[in-house]
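Commentary on secondary and tertiary structure
Residues per chain, in single letters:
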Amino acid sequence: MDNNNESRFERGTRALSDIDGEGGRKVVDSLADIAPDFARYIIEFPFGDIYSRPGLDLRSREIATIAALTALGNAAPQLKVHIQAGLNVGLSRDEIVETIMQMAVYAGFPAALNGLFAAREVFQEKHCLAA
């Protein structure tokens, strides 16, 4: 972790911004009226503690996250945020598609199809794919 004087919340806020950009901030903001403590946990634990660890680079972390969310098969909104995050940290469209396709082996074709449909939506929104 970069700075021992930086709080988990500060470190997490910075990481959330660097990785997820506006999408991450929207998720956190959407919890303000129902579960502000949960929003803080999202900032502190995944981003302040895990994403900020030195063992993997952000590209590798996003590949793992995209794979896991695809395999779950029931997390399309979160998958879309992390597909955008993957683009933000330098993953190519092809790397994201290959990661999702790989999940057909372990999570099944329905989960991979759902992941590919989520990717299509993100790519269309970001003009990486013709509508």
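Anyway, here's the lowdown on the structure attached to this text. Since the structure is predicted, the reported quantities are computational estimates derived from the model, not experimental observations. (Residues numbered from 1 in each chain as written. Predicted model: local features only at pLDDT ≥ 70, side-chain atom pairs only at ≥ 80, totals over all residues. Heavy atoms only, no water.)

**Details of the packing of helix H4 (residues 76–88) against helix H5 (residues 93–107)**
Heads up, the condition is: As a rule, the C-alpha atoms of each element are fitted with a line to give its axis, helices using only the stretch in contact, and angles between N-to-C directions run from 0 to 180 degrees. Only DSSP runs of H or I with at least four residues qualify as helices, and only runs of E with at least two residues qualify as strands; both kinds are numbered from the N terminus onward. Here roughly perpendicular refers to angles of 65 to 115 degrees, roughly parallel to angles under 35, roughly antiparallel to angles over 145, and oblique to all remaining angles. Crossings are assigned a handedness: left-handed for a near helix turned anticlockwise from the far helix by less than a right angle, right-handed for a clockwise turn. Residue contacts follow a heavy-atom distance rule, with two residues in contact if any of their heavy atoms lie within 4.5 Å.
Between H4 and H5, the least distance of the axes is 9 Å, while the angle of their chain directions is 140°. Judged by the inter-axis angle, H4 sits oblique to H5. In this structure, H4 meets H5 at a crossing whose hand is right-handed. On the side of H4, the interface is formed by Ile83, Gly86 and Leu87, while H5 contributes Arg93, Ile96 and Ile100.

**Notes on the packing of aromatic side chains**
The line we're drawing: Only rings of Phe, Tyr and Trp enter the pairing, Trp through its six-membered ring, and a pair is recorded when the two centres are within 6.5 Å. The plane angle decides the type: under 30 degrees is stacked, over 60 is edge-to-face, the rest tilted. Remark: exposure states derive from per-residue accessible area (1.4 Å probe, protein chains only) relative to the maximum for the residue type, with buried under 20%, exposed over 50%, and partly exposed in between.
Counting across every chain of the model gives 2 aromatic pairs. Summarising the aromatic geometry, the rings of Phe38 and Tyr41 are spaced 6.5 Å apart at their centres and angled 80° between planes, so their arrangement reads as edge-to-face. With a gap of 3 residues between them, Phe38 and Tyr41 both fall in helix H2 (residues 36–50), about one helical turn apart. Where Phe47 meets Tyr51, the ring centres are 4.8 Å apart and the plane angle is 10°; that geometry is what we call stacked. Taking the relative accessible area as the measure of exposure, Phe47 reaches 5% and is therefore buried.

**A few points about the packing of helix H1 (residues 8–30) against H4**
Defined as follows: Residue polarity follows a fixed list, in which Ala, Val, Leu, Ile, Met, Phe, Trp, Tyr, Cys and Pro are nonpolar, Asp, Glu, Lys and Arg are charged, and the others, Gly among them, are polar.
Following both chains from N to C, one finds H1 and H4 inclined at 155°, their axes separated by 7 Å at the closest point. As judged from the angle between their axes, H1 and H4 are roughly antiparallel. On H4, the residues touching Ile19, Asp20, Gly21, Gly23, Gly24 and Val27 of H1 are Val81, His82, Ala85 and Asn88. Of the residues belonging to the contact of H1 with H4, the class tally is 4 nonpolar, 5 polar and 1 charged.

**Some thoughts on the pattern of salt bridges**
How we decide: We define a salt bridge as a side-chain nitrogen of Lys or Arg found within 4 Å of a carboxyl oxygen belonging to Asp or Glu.
Applying the stated criterion to the full structure yields 10 salt bridges. In this structure, Glu95 and Arg59 form a salt bridge, with 2.7 Å as the shortest nitrogen-oxygen distance. Taken together, the residues span a long stretch of sequence, with Glu95 in helix H5 and Arg59 in helix H3 (residues 58–72) at a distance of 36 residues. Each of the salt bridges in this network shares a partner with another, and the network as a whole consists of Arg8, Arg11, Arg40, Glu44 and Asp49.

Keep in mind these values describe shape, not function.
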